[in-house]
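# Survey of secondary and tertiary structure
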Amino acid sequence: MKKRLLATLLALCLIVGLFPTMALAAEFFQADWTYPETGEAAISFTLGSGTQEEPFIIESAQDLANLAYLVNTAATYEDGSKTYASASYQLASNIDLQGAQWHPIGIGGSASEYEAHSFCGTFDGNYHTVSGLLISEDTYAGITNQNTQNNTDVKVLGLFGVLSDGAVIENLTVQTSAINLSDSENMCFAGMIAGAAVTSTGEISIKNCTVSSDCSVVGNSVDGAIAGIVGMIGGYSLSDQTSGTILVDGNKNYATIDGGEGKAGGITALVRWSDSNGVMTVSNNENYGSIDGNASGGIVGFVNVECGLEMNQGNQNFGSVSGGYCSGSLGGRVLSLKLTDYTVSPDSLLEDFGLVAGEIGETVIWQNDSADTTYYFSGLDGAMLRFSSVFQGI
């Protein structure tokens, strides 16, 4: 409870810091950009054509807000040849959002429409920063009817909301920003870079992104997924086919992450896939932030995928990790996992992944490529059983 209070106070301090002219009960500080209103004149970008070779250039906070509006309204080019959601973009300078309430880029929607309102293009931060991002409301659409507990919506929040097949986010830093959902009554997926990455048959990659130590992501009492980089990755029962691939590589989190009663991870909080056809890889990521949640890990919080999450030894945690139910240096509750290029012993693996305090599914795999050996761990509760049997070979 004390940690929870401290995390919330930290988030409030960050929020207040974003509003230098705001009294506690006053309206939001008036930024020099606005989220476009429906029916406004046609919005376009002055530089670039949206191709990989000539991406649209984002020069200001208003340009970034325009991008959010164009993606969220499923807008197309004037000639109708392409959607803005599938175009390529590049930052030309550092962007300050000045603490105005942010509308995530890609609000998602129902299973039949979420792809039309999600980001599936390329966004190259060009080694620039986005600062002053604030989200303290959860009124955005998110992923409709995907809370299996009561069939309600899951709110998806971050600089980007929902990423879908084809999305690439790279070379970007977010600093001096806050996502505070402590007052929300909804299940939320939240991450500073993106709320959720959801694939069916394509590819999504989040590479070389950093969230700085002056950022904070705070969840609520609802079982959601809160992380530094991306809240949830997976094929989330939105399509009959989920054979896509997701790569989360070379990212760093320094922010404080408080998942409340849900999952929490320095890089991603929830990894979920509905069948065994997908490929999910989390590699070469680093966490330096403090992570706390019901199921928490320095890299991943909760892994529940039939296809198996692939991780390599390049993932490292240097931050503190705590959890009400289970926690581990690299991962919390892990039900399916494939580790490659590991040279540590199975005992060390259990410590790294907190499985001593978590759960182990029958498909958990530890693989040492150099020794051409694969270890299968069997057992439901690592805290009580450690592992009941080890099978070598394959």
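If you're wondering where the values come from, they're calculated on a predicted model, not measured in any experiment. Position numbers for residues start from 1 in each chain and track the written sequence from start to end. The predicted nature of this model means local features are confined to residues of pLDDT at least 70 and side-chain atom pairs, given and counted, to a pLDDT of 80 or more, with totals for whole chains, interfaces and linings taken over all residues. Only hydrogens and water are set aside when side-chain values are computed; all heavy atoms of the structure are taken into account.

### Digging into unusual backbone geometry
- Within the chain, Ala-74 stands out as a residue other than glycine whose phi angle is a positive 55 degrees.
- Residue classification places Ala-74 among the partly exposed positions, given a relative accessible area of 29%.
- One non-glycine residue, Asn-208, lies in positive phi territory at about 55 degrees.
- When you line up the elements, Asn-208 lands in strand E14 (residues 203-211).
- Note on Asn-208: relative accessible area 33%, which makes it partly exposed. The rule is simple: take the accessible area with a 1.4 Å probe, protein chains only, and divide by the maximum for that residue type; under 20% is buried, over 50% is exposed, in between is partly exposed. Here a strand is any run of E in DSSP of at least two residues, a helix any run of H or I of at least four, and the numbering for each starts at the N terminus.

### Brief notes about the packing of aromatic side chains
- Centres within 6.5 Å are what make two rings of Phe, Tyr or Trp a pair, Trp counting through its six-membered ring; a difference in plane orientation under 30 degrees is then read as stacked, over 60 as edge-to-face, and the rest as tilted. Tallied over the full model, the rule gives 14 aromatic pairs.
- On the numbers, 5.6 Å between centres and 65 degrees between planes, the contact of Trp-33 with Trp-102 is edge-to-face. Residue Trp-33 is found in the loop between helix H1 (2-18) and strand E1 (56-58), and its partner Trp-102 is found in the loop between strand E3 (95-96) and strand E4 (108-109); the two are separated by 69 residues along the sequence.
- By relative accessible area, which is 5% here, Trp-33 ends up buried.
- Three or more aromatic residues link up through ring pairs in this structure, and these residues are Phe-45, Phe-56, Tyr-77, Tyr-84, Tyr-89, Phe-119, Phe-123 and Phe-160.

### Topic: the environment of Ala-65
- Along the chain, Ala-65 turns up in helix H2 (residues 61-72).
- Throughout, a contact is declared for two residues whenever any of their heavy atoms are within 4.5 Å. If we ignore the near neighbours within four places in the chain, the residues touching Ala-65 are Trp-33, Thr-34, Tyr-35, Pro-36 and Trp-102.

### Focus: the pattern of salt bridges
- For salt bridges, the criterion is a side-chain nitrogen of Lys or Arg within 4 Å of an Asp or Glu carboxyl oxygen. Following the criterion strictly, the structure yields 1 salt bridge and no others.
- With its nearest N and O atoms 3.6 Å apart, the salt bridge here joins Glu-170 to Lys-207. Taken together, the positions of Glu-170 in strand E10 (residues 168-175) and Lys-207 in strand E14 put the pair 37 residues apart, joining distant regions of the chain.
- Relative accessible area serves as the criterion here: at 28%, Lys-207 is assigned to the partly exposed category.

### Comments concerning H2
- Expected helix span is taken as 1.5 Å per residue step, with the number of steps being one fewer than the number of residues. Helix length check: H2 (12 residues) gives 17 Å between terminal C-alpha atoms against 16 Å at 1.5 Å per residue, within 8%.
- Summarising burial for H2: 11 of the 12 residues are buried, a large majority.
- Of all the residues in H2, the buried ones are Ala-61, Asp-63, Leu-64, Ala-65, Asn-66, Leu-67, Ala-68, Tyr-69, Leu-70, Val-71 and Asn-72.
- Of the surrounding secondary structure, the elements contacted by the buried residues of H2 are E1, strand E2 (88-91), E3 and strand E5 (122-131).
- Downstream of H2 by one or two residues, Ala-74 has phi in the positive range, about 55 degrees.

### Comments concerning the confidence of the model for the protein
- For every residue, the predictor assigns a confidence score, pLDDT, that lies between 0 and 100. Mean pLDDT over the protein: 76, with 66% of residues reaching 70 or higher.
- Here residues 237-241 scores under 50 on pLDDT; set against residues more than four positions off or in separate chains, the count is 10 contacts.
- pLDDT under 50 marks residues 355-363. Its contacts with residues more than four places away, or in other chains, come to 40 contacts.

### A short note on the environment of Thr-268
- Residue Thr-268 is classed as buried on the basis of its relative accessible area, which comes to 0%.
- Along the chain, Thr-268 and Val-248 lie 20 residues apart, while their C-alpha atoms are 8.9 Å from each other.
- When sequence neighbours within four positions are dropped, the list of residues in contact with Thr-268 reads Ala-227, Val-230, Gly-231, Met-232, Ile-233, Ile-299, Val-300 and Gly-301.

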